[in-house]
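Here's the letter readout for the chains.
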Amino acid sequence: MKFDDFLFTYLGEMGKYQKIQFFLVCLPTIVVSMHALSWTFASVDTPYRCRLPTDLPKNENYYTPLLNFTKCTNDADANVPISEYGRPGITCHYERCRLPDNETCSEHIFDHSKVEYTAVQRWEITCDRSWIKATIQAAYYLGQMAGSMTFGVLGDRIGRKKVFFLAILIQITCAYLIAIAPYWWLYAIARAGIGFSHPGIFVIAVVIGMELVGPQYRKLASVITGLFFALGQVFLGIEAIFFTNYQILHVVIASPALLFLSYWWLVPESARWLVSQKRYQEADEVLQKAAKVNGAVLPENWWEQLDDQTTSQDGTPARKLTGADLFKTPELRKRTLVVFFLWPVISMVYYGMAMKANVLGGDIYINFIFAAFVEIPALFIVYLLIDRIGRRYILAGGLFIAGACLLVNWLMGDNVQLWMAITQMAFTKGSITGVYAAIYTYSPELFPTVIRNTAMGFCSTIARVGAIAASYISMWIAEQFGKVFMIIPFGIMAVSAAILTIVFLPETMGKPLPESIEEIEEGTSYRSSHEMQPLSKTDEETA
């Protein structure tokens, strides 16, 4: 008997115990989400000007009659006539980096009418130092990349629970450090540490959750995890409105994670992992508690009924494949190249739109919260449609909608009405969120079992490249040279990714998972109908 068959025969696919444990492991993903994008508000763009020789050290009044305005904007970040100065909701801007005599300045005075204190002000991340802002966010994704490679291996070697708890400890330590870091480079290192903990919490939470529930609930489990991640962004946007001192905001974000230290006693080790390690007594302790909560009874020495999964079917060891094998045959090479383009593009657009939520116009706080809310229905739409219209159409359609909204916004010019800007942001963020959810299901189905984990490891790593690029484009290039340098590349690459998906990738809905590279190259038509695997099996493999 397979472990799945045993587990769900006696405990059920989604009993009371599974629901409690899944809820517990999902809660930390809220804090992970808040940390991932907290720099958006810690470094929020606020008006500033050069400090003049006549400005007193303790009297930092942003507005001065000694300088001329360059432009004025309203609450929707749309340009208005300079004559509107003084009216409620109007903010006027000066030349940021040069004095009237055209000399550059190294000190600035910031507008504190809406934001109390930012990291940009503390470390003078202005003008020719603005690259630091993007570098700090990029450090997070570099840490995340390292964490993906580290915690994936550790999770299989020392167990899910230990990795989960270790990642929580790292997150808490680094989260408090960034609140007090005296130098930007130390802040960046600590932020990389938080990024390092990200996969140790989020990915392991997904793994623990999927190892608890039955095959028919695994797809829903991944959607629920994404829902908690979206809720974290909503909470972040709300907290950022009330806590405009970046140090206090970091403390507010970090503190709830202290409750998760109790997980050492509340969350047990994965029974599936313990069984894979042949630690049956420990697995029995976990499953007996689960059975008690679910009102079930397990047979004695149940592990003796399980199949031995440590040997291959024909008894011969298979050749170990490497990343190079992804490019050796034509069909697999084509899929690999397209998928390796899709992952960084999707990651770039998703994180870029989250980091600069007002790029299409509107207030950054309102847009950020609204865009996060939009993710929730987007996830459920994907859940409902992915087995009806197929992975390929969801992926291509979502990418095309996101890219088209961006390009239409650019064609409409700078003075886009607030309702239109929010609508375009909602469609863009909702579409790219759906695409992100769909590609986690679609990508594993495109690669054969013998090299699937390797391929997905490369996908995860290359996706971070897109996130790093998004950091520099949204937080440096767009702010220095204009939003057009973000909107056009994002829009063109999203539409290009949609076209590549339709033209070069096959539909995998309802098809068996390929087992070998030969099946990819020759097609699977020769496989008999009784070998067709149900979707629940697909979900099991991708978990």
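A quick note: this is a predicted structure, and the numbers were derived from the prediction, not measured. (Residues numbered from 1 in each chain as written. Predicted model: local features only at pLDDT ≥ 70, side-chain atom pairs only at ≥ 80, totals over all residues. Heavy atoms only, no water.)

### A closer look at the pattern of salt bridges
Using the criterion set out here, one finds 13 salt bridges in the structure. For the salt bridge of E331 with K334, the shortest nitrogen-to-oxygen distance reads 3.1 Å. Pair noted here: E331 and K334 are both in helix 13 (residues 330-355), with a separation of three residues, about one helical turn. Judged by its relative accessible area of 30%, K334 falls in the partly exposed class. Among the salt bridges present, the one from E375 reaches K429, with a minimum N-O distance of 3.0 Å. Highlighted residues: E375 in helix 14 (residues 364-385) and K429 in helix 16 (residues 418-446), separated in sequence by 54 residues. Residue E375 shares its accessibility class with K429, and that shared class is buried. A network of salt bridges, in which partner residues are shared, links K133, K356 and E479. (Salt bridge = Lys/Arg side-chain N within 4 Å of Asp/Glu carboxyl O. Helix = DSSP H or I, 4+ residues; strand = E, 2+ residues; numbered from the N terminus. Buried < 20%, exposed > 50% of the residue type's maximum accessible area, 1.4 Å probe, protein only.)

### So, unusual backbone geometry
Of note, N102 is a non-glycine position whose phi angle comes to about 75°, a positive value. Secondary-structure assignment places N102 in the loop between strand 4 (91-94) and strand 5 (108-110).

### Digging into a nonpolar patch on the surface
Together, I381, L384, L385, I389, Y393, I499, I502, V503 and F504 line one region of the surface with nonpolar side chains, adding up to about 810 Å² of accessible area. Going through the elements one at a time, helix 14 and helix 18 (484-504) are the ones with two or more residues in the nonpolar patch. By residue number, the principal contributor to the nonpolar patch is helix 18, which donates four residues. Mapping I502 onto the fold places it in helix 18. (Patch = residues over 30% accessible without salt bridge, like charges linked within 9 Å, V, L, I, M, F, W, Y side chains within 5 Å. Areas by Shrake-Rupley, 256 points an atom, 1.4 Å probe, with all protein chains shown as cover.)

### Brief notes about the sheet that holds strand 2 (residues 69-73)
Reading across the sheet, the three strands line up as 3-2-4 and stay open at both edges, with antiparallel pairing between neighbours. Strand pairing shows two members of the sheet lacking a second neighbour, strand 3 (79-80) and strand 4, which therefore form its edges. Inspection of the sheet shows strand 2 paired to strand 4 by four bridges, in the antiparallel sense. Following the sheet pairing, K71 is matched in strand 4 by H93. (Pairing = 2+ DSSP bridges.)

### Considerations on the nonpolar core
As a rule of thumb, nonpolar side chains are buried together in soluble globular proteins. Residues L37, Y187, W302, L342, M353, L399 and F490 are the most contacted members of the largest nonpolar core, which totals 142 residues. Each of domain 1 (1-46 + 129-297) and domain 3 (325-526) gives at least three residues to this core. Y62, L67, Y94 and C105 belong to the second largest nonpolar core, which has seven residues in total. (Core = buried A, V, L, I, M, F, W, Y, C linked by side-chain atoms within 4.5 Å. Domains from an automatic or database assignment.)

### Observations regarding the confidence of the model for the protein
With 91% of its residues at a pLDDT of 70 or more, the protein shows a mean pLDDT of 84. Confidence, expressed as mean pLDDT per element, reaches its minimum in the protein at helix 20 (residues 535-542) with 38 and its maximum at helix 9 (residues 246-254) with 97. Within the model, the stretch residues 524-543 combines pLDDT values under 50 with 36 contacts to residues more than four positions away or in other chains. (pLDDT = per-residue confidence, 0-100. Contact = heavy atoms within 4.5 Å.)

### Here we look at the pairing of strand 2
Taken together, the two bridges between strand 2 and strand 3 define a ladder with antiparallel strand orientation. When the bridges of strand 3 are listed, C72 appears paired with V80.

### With respect to the state of the cysteines
Applying the stated criterion across every chain yields a total of three disulfides. The disulfide partner of C72 is C92, and the S-S distance across this bridge is 2.0 Å. Measuring the twist about the S-S bond at about 100°, one finds the C72-C92 disulfide to be right-handed. A residue pair is termed long-range when its members are at least 10 positions apart, and C72 in strand 2 and C92 in strand 4 qualify at 20 residues. One exposure class covers both C72 and C92, and it is buried. (Disulfide = S-S within 2.5 Å.)

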